[in-house]
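# Close look at the chain arrangement
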Amino acid sequence: MNWGGKKVKKVFSGAAAISLIIFIFGQVELRTKHCATSSSMEESDNPPNTAAAAAAASDSPLQRKRAAMIERLSNSHQSRLARKPDSESNSTFISTSSFLSRFSESKNSIESTLSRILHTPDPHSNPTLKSELENVSISIADLEKLVAENSFSLPSYEVRTCLKTITDLKQFVEQVTREVIPRKKFSFKNKSTKKITTQNISEVPNVESKNSVLRVLDSPGFRGRENEVIVKEFDRGNDEEIREFVLSDLKDCDVRLIGSVRALFVHKLIDCKVYVGPVFGSVLIEEVTNCVFVMASHQIRIHKAKRCDFYLRVRSRPIIEDSDGVRFSPYCLKYDGIERDLEEANLGEETGNWLNVDDFKWLRAVQSPNWSILPENERLGTVDISNQEPKI
């Protein structure tokens, strides 16, 4: 617009724009009325025609267009005010802030407990320290479950930071355990004859693995097996069985877990095939080589995997660290009742996240060379583990 011979640029708000348009149309209306008045003065000899012209001017298309334009602009302005984007963004911030506050509170509590245990005088004579460490391990597992359940709604940076914190807490637990829990004396034992067996286990032995992390010491699972077919079917009516489960130190084994568990820990597997029903929380896999995994979970984290294939259904992005030659494909497991188990675990729908893999050791913008998508001509078909022998 021109002001005093100079061009002036001005940005109008929604309300100011409406006011300006009303002013412009008002000026147009005044000019129209002025022209009508001049015309009536020139044609004063014909009063009836002047009245008709005035009526036509008052009901002209220009006035109707002006009214419609003002109404549209007013409605648009009110709609923008009603959306209130600032409130929505603030709500998201509050949700993330609330999660981080809860996470920080749990982290500080765990660190405080571990520091107190570490500085306990004469810890070897205190029988309660082991149970306290076990409770701390459960708290860390719960914290990891909290991250898994919220990972799809949190910024990726916050997820990575929280997972790094959990890893540090686990290492702290191991350090404290070495300091306060005495090691068992070494002794030779006669080795039993190796044989291939198929087991349907209702009571799983609770054996301590010297290389496993503390969080799985008292969890049921399979440990120290070789060249076996192992089956575990969880009782859907028994809530006590829906908890953490462990697979550790297995070699050349075929493992089938039918039903649902809360969390699954996999540690030191070589040349194994693992078929797993839905996991309510997270799956942690460490130090596996030449294995095949078929599993569904809310979160899956893979550490130190070499030449393994993963058939996954997962709510959040799978995470790999220090891994090489791992390949991914969609979930392909089948057994009687698996659809119901998947629905109860909120895993009934395929999310497509099996191919959205995050490599925490590869920070470049290009594709990580440590993982790839399994070619279709090399993938397994549907694997049915309803019977003793899996059908592919």
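Read on for a plain summary of the structure. Small disclaimer: the values here were computed from a predicted structure and weren't measured.

Conventions we followed
- Residues numbered from 1 in each chain as written.
- Predicted model: local features only at pLDDT ≥ 70, side-chain atom pairs only at ≥ 80, totals over all residues.
- Heavy atoms only, no water.
- Helix = DSSP H or I, 4+ residues; strand = E, 2+ residues; numbered from the N terminus.
- Buried < 20%, exposed > 50% of the residue type's maximum accessible area, 1.4 Å probe, protein only.
- Contact = heavy atoms within 4.5 Å.
- Phe/Tyr/Trp six-rings, centres within 6.5 Å; stacked < 30°, edge-to-face > 60°.
- Salt bridge = Lys/Arg side-chain N within 4 Å of Asp/Glu carboxyl O.
- Pairing = 2+ DSSP bridges.
- Axes fitted to C-alpha atoms, helices over the stretch in contact; angles between N-to-C directions.
- Parallel < 35°, antiparallel > 145°, perpendicular 65-115°, else oblique.
- Nonpolar A, V, L, I, M, F, W, Y, C, P; charged D, E, K, R; others polar.
- Polar contact = N/O pair within 3.5 Å; in protein donor to acceptor, adjacent residues only side chain to side chain.
- Patch = residues over 30% accessible without salt bridge, like charges linked within 9 Å, V, L, I, M, F, W, Y side chains within 5 Å.
- Areas by Shrake-Rupley, 256 points an atom, 1.4 Å probe, with all protein chains shown as cover.
- Lys, Arg positive; Asp, Glu negative; His and termini not counted.
- Charge placed at Lys NZ, Arg CZ, Asp CG, Glu CD.

## Here's the deal with the side chain of Asn-370
One can find Asn-370 in the loop between β15 (358-359) and β16 (371-373). By relative accessible area, Asn-370 is classed as buried at 17%. Not counting chain neighbours up to four residues away, the residues in contact with Asn-370 comprise Ile-320, Ser-323, Asp-324, Gly-325, Val-326 and Asp-359.

## So, the packing of aromatic side chains
Per the stated rule, a full pass over the model turns up 6 aromatic pairs. Ring centres of Phe-328 and Trp-371 lie 5.9 Å apart, and the angle between their planes is 85 degrees; this geometry places the pair in the edge-to-face category. One end of the pair, Phe-328, is in strand β13 (residues 326-330); the other, Trp-371, is in strand β16, with 43 residues separating them in the sequence. With respect to burial, Phe-328 and Trp-371 carry one shared label: buried. In textbook terms, an aromatic cluster arises when at least three aromatic residues are bridged by ring pairs, as seen for Phe-293, Phe-310, Phe-328 and Trp-371.

## Describing the pattern of salt bridges
Counted by the stated rule, this structure contains 13 salt bridges. A salt bridge links Asp-142 to Arg-262; the shortest N-O distance between them is 3.2 Å. Of the two residues, Asp-142 is situated in helix α5 (residues 129-150) and Arg-262 in the loop between β7 (254-258) and β8 (263-270); the sequence distance between them amounts to 120 residues. Here the residues in one salt-bridge network are Asp-142, Glu-244 and Arg-262, joined through shared partners.

## A look at the pairing of β13
Where strand β11 (residues 309-314) meets β13, 4 bridges bridge the pair, whose relative direction is parallel. Looking across to β13, one finds that Asp-309 is bridged to Arg-327. Where β13 and β16 come together, 3 bridges link them in parallel fashion. Bridging across to β16, Arg-327 finds its partner in Ser-372.

## Let's talk about the packing of α5 against helix α6 (residues 156-180)
One can describe the packing of α5 onto α6 by two numbers: an axis separation of 10 Å at closest approach and a directional angle of 170 degrees. Judged by the angle between their axes, α5 and α6 are roughly antiparallel. Along its contact with α5, which presents Leu-129, Leu-133, Val-136, Ser-137, Ile-140, Leu-143, Glu-144 and Val-147, the element α6 presents Cys-162, Leu-163, Ile-166, Leu-169, Lys-170, Val-173, Val-176, Thr-177 and Val-180. Class assignment for the residues of the contact of α5 with α6 results in 13 nonpolar, 2 polar and 2 charged.

## Structural notes on the side chain of Asp-359
Relative to the assigned elements, Asp-359 resides in strand β15. You can call Asp-359 buried: its relative accessible area is 9%. A distance of 2.7 Å separates a polar atom in the side chain of Asp-359 from a polar atom in the side chain of Ser-368. Side-chain polar atoms of Asp-359 contact the side chain of Asn-370, separated by 2.7 Å. Once you skip the residues sitting within four places of it in the chain, Asp-359 turns out to touch Ile-320, Ser-368, Asn-370 and Trp-371.

## Details of the environment of Ile-140
Along the chain, Ile-140 falls in helix α5. For the pair Ile-140 and Leu-169, spaced 29 residues apart in the sequence, the C-alpha separation amounts to 7.5 Å. When residues no more than four places from it in sequence are discounted, the contact partners of Ile-140 are Ile-110, Ile-166, Leu-169, Lys-170 and Val-173.

## Here we look at the pairing of strand β5 (residues 229-233)
Each regular strand carries side chains that alternate between the two faces of the sheet. Extensive coverage of β5 is indicated by the burial of 4 of its 5 residues. Where β5 meets β7, 5 bridges bridge the pair, whose relative direction is parallel. Residue pairing across strands places Glu-233 opposite Ile-258, the latter belonging to β7.

## Points about the environment of Ser-372
With respect to the helices and strands, the residue Ser-372 is situated in strand β16. Measuring from C-alpha to C-alpha, the distance between Ser-372 and Val-326 comes to 6.6 Å, with 46 residues separating the pair along the chain. Those residues in contact with Ser-372 that lie beyond four places of it in its chain are Val-326, Arg-327 and Phe-328.

## Topic: a negative patch on the surface
There is a patch of like negative charges on the surface, built from Glu-233, Asp-235, Asp-336 and Glu-339. Within the secondary structure, Asp-235 sits in the loop between β5 and β6 (244-251). Judged by relative accessible area, which is 42%, Asp-235 ranks as partly exposed.

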